[in-house]
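# Report on the structure
Now for the letters of each chain:
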Amino acid sequence: MKPIIEVQQLSHSYGENVAINQLSFKVNQGEVFGLLGPNGAGKTTTIRLLNGMFEPSAGELQVLGYDPRRDGASIRKVAGVLTETPALYERLTARQNLKFFGTLAGLTPSKIMERTEELLHLFDLTQRANDRTGSYSKGMKQRLAIARAWMNHPKLLFLDEPTSGLDPEAAVQVRELIVDVRQKEGTTVLICTHNLDEAQRLCDRLLILRKGAALAQGSLADLRRIISPGLWLEISLFEPFTKINDEWLQGMAGLLKIDVLSNQTLRLEVESQAVIPEAVSRLAAAGARILRVQPQEISLEEVYLRLQSNHLVQAEKEGAAYAQLS
Ligand code: ATP
């Protein structure tokens, strides 16, 4: 099936400032795709280019079968957008806001009525639907802004920092609503976020940006393999073991790394699960009483930080080489 978004060698500069640098990626139908990166990495610019709000300096891009250079208006008709600063009319009620945006989206009056009530219910806003949104909490405003973006049954939804500035409870509520409504409506979602825990929970695939260029992309499993090819295990012992050291396991086939974390805990990196029984029996033969063997999943946060810092080390090396040459 043709991807919903296809971007090849996309570049964009604001004057001298290169914001996007030869970026390529695809988003498939039904996916939640995350754009991650530090401030100024180019996430918002990418969304603007995909919506046809700016024209790129170079590259090819296609969104829902349209070219954003020529057909930005057609894309915006069938896609929903939540910007970093959601545009709501604070003097209107939630119901009036949704009806107004339904009219702008070109829905029929009966469809507007039906969809407004449906979204008020889905986003838990029915009870306060007739209050002016100026009186709403930040979390309620954000729920309404996301409901608004979903008004025209978008095939594709762009969410720029959907939980930024919300307290933890409101953020969890917004996140759960996104998961829930997306499943019900089968929407493809492109989301920008600084919250790595949120990205890990929501996204099927991720693109990690730095200075407008891709550092890495893929599922979390793909990204984990980039930074560490093996499987990590934590082995806890029943009691402190004074003889604990890494010699018992030295030379064992399939063992990539050993960290002695304490006199009761070892962390191993192994090639595959098949190595675990041999490691356990060697430890037992050395007299250690094993309490627990737990595979360790590296979090997206760890993957992200390692990729960003590997990049910095690489950039420093290149800088040093450049300084030597010049
Ligand atoms: P943040 O996480 O802070 O929102 P971002 O990843 O969304 O950042 P962008 O807002 O896309 O990053 O910015 C990418 C680069 O382009 C930055 O260097 C930024 O200063 C610059 N930039 C963004 N918008 C403009 C603009 N309208 N005019 C000039 N430069 C801009």
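Keep in mind the model is a prediction, meaning the values are calculated, not measured.

In this model, helix 6 (residues 168-185) (18 residues) spans 26 Å end to end at C-alpha, consistent with the 26 Å of a helix rising 1.5 Å per residue. Along helix 6, the residues classified as buried are Ala-170, Ala-171, Val-174, Arg-175, Leu-177, Ile-178, Val-181 and Arg-182. Down the axis, helix 6 shows its buried residues gathered within 160° of arc, on one side only. Pointing more than 90 degrees away from the buried face of helix 6 are the exposed residues Pro-168, Glu-169, Glu-176, Gln-183 and Lys-184. Buried residues along helix 6 sit in contact with strand 3 (32-36), helix 4 (109-122), helix 5 (138-149), strand 6 (156-160), strand 7 (188-192) and helix 7 (196-202). The N-cap of helix 6, judged by a side-chain oxygen 3.1 Å from the amide nitrogen of Glu-169 a few residues on, is Asp-167.

Turning to the sheet that holds strand 11 (residues 255-262), a few remarks are in order. The sheet built from 4 strands is open, its strands ordered 11-12-10-13 with antiparallel pairing. A single partner strand is all that each edge strand has here, and the edge strands are strand 11 and strand 13 (290-296). Each strand axis lies, on average, 20° off the axis of its neighbour in the sheet, ignoring direction. As paired strands, strand 11 and strand 12 (residues 265-270) are joined by 6 bridges and run antiparallel to one another. Across the sheet, Val-260 pairs through a bridge with Leu-266, a residue of strand 12. Packed onto the sheet, helix 9 (residues 276-285) meets strand 10 (231-237), strand 12 and strand 13 and runs at close to 150° relative to strand 13.

Among the secondary structure elements, Ala-214 is positioned in strand 9 (residues 213-218). Along the primary structure Ala-214 and Gln-273 are separated by 59 residues, whereas in three dimensions their C-alpha atoms are 31 Å apart. Non-local contacts of Ala-214, meaning those with residues more than four positions away in its chain, are made with Leu-23, Leu-207, Ile-208 and Leu-209.

This paragraph deals with the sheet that holds strand 1 (residues 5-14). Strand pairing in a sheet takes place through backbone hydrogen bonds and is either antiparallel or parallel in direction. Ordered in space as 2-1-4, the 3 strands form an open sheet in which the pairing is antiparallel. The sheet terminates laterally at strand 2 (17-27) and strand 4 (58-63), the two strands that pair on one side only. For this sheet the average axis-to-axis angle between neighbouring strands, irrespective of direction, equals 25°. With 7 bridges connecting them, strand 1 and strand 2 associate as antiparallel partners.

At a minimum axis distance of 10 Å, the contact between helix 5 and helix 6 shows a crossing angle of 15°. Here helix 5 lies roughly parallel to helix 6, going by the angle between them. Between helix 5 and helix 6 the crossing geometry is right-handed. Contact with helix 5, carried on its side by Gly-139, Gln-142, Arg-143 and Ile-146, involves Ala-170, Gln-173, Val-174, Leu-177 and Ile-178 of helix 6 and no other residues of that element.

Bringing the environment of Gly-134 into the picture now. Within the fold, Gly-134 resides in the loop between helix 4 and helix 5. If sequence neighbours within four positions are ignored, Gly-134 has contacts with Glu-90 and Lys-141.

Attention now moves to the pairing of strand 10. Taken across its 7 residues, strand 10 has 5 buried, putting it largely inside the fold. Alignment of strand 10 against strand 12, held across 6 bridges, turns out to be antiparallel. The partner of Glu-234 across the bridge, within strand 12, is Arg-267. Looking at chain direction, strand 10 and strand 13 are connected through 6 bridges and run antiparallel. Looking at strand 13, one finds that Ser-236 is bridged to Arg-292.

This part covers the site of the ligand. Taken together, 14 residues lie near the ligand, and Gly-40, Lys-43, Thr-44, Thr-45 and His-194 sit nearest. Note that an oxygen atom of the ligand is positioned 2.8 Å from one of the side-chain N or O atoms of Lys-43. Measuring from an oxygen atom of the ligand, one finds a side-chain N or O atom of Thr-44 at 2.8 Å. Here the shell around the ligand takes 4 residues from helix 1 (residues 43-50), the largest share from any one element. Split by residue class, the shell around the ligand holds 4 nonpolar, 7 polar and 3 charged.

Estimated volume of the largest pocket: approximately 450 Å³. Together, 20 residues line the largest pocket, and Arg-76, Ala-79, Gly-80, Val-81 and Arg-148 are the ones closest to its centre. Sorting the residues of the lining of the largest pocket by element identifies helix 2 (68-78), strand 5 (79-82), helix 3 (94-104) and helix 5 as the ones contributing at least two each. Broken down by element, the lining of the largest pocket gets its largest block of residues, 4 residues, from strand 5. Classifying every residue of the lining of the largest pocket by side-chain character gives 12 nonpolar, 5 polar and 3 charged.

Cut-offs applied
Residues numbered from 1 in each chain as written. Predicted model: local features only at pLDDT ≥ 70, side-chain atom pairs only at ≥ 80, totals over all residues. Heavy atoms only, no water. Helix = DSSP H or I, 4+ residues; strand = E, 2+ residues; numbered from the N terminus. Expected span 1.5 Å × (residues − 1). Buried < 20%, exposed > 50% of the residue type's maximum accessible area, 1.4 Å probe, protein only. Arc of directions from axis to C-beta. Contact = heavy atoms within 4.5 Å. Polar contact = N/O pair within 3.5 Å; in protein donor to acceptor, adjacent residues only side chain to side chain. Pairing = 2+ DSSP bridges. Axes fitted to C-alpha atoms, helices over the stretch in contact; angles between N-to-C directions. Parallel < 35°, antiparallel > 145°, perpendicular 65-115°, else oblique. Left-handed = near helix turned anticlockwise from the far one by under 90°. Near = heavy atom within 4 Å. Nonpolar A, V, L, I, M, F, W, Y, C, P; charged D, E, K, R; others polar. 1 Å grid on protein atoms, 1.4 Å probe; cavity = no way out; pocket = protein on both sides within 12 Å on 5 of 7 lines; lining within 4 Å. Points joined across faces, edges and corners; volume = space filled by probe spheres on them.

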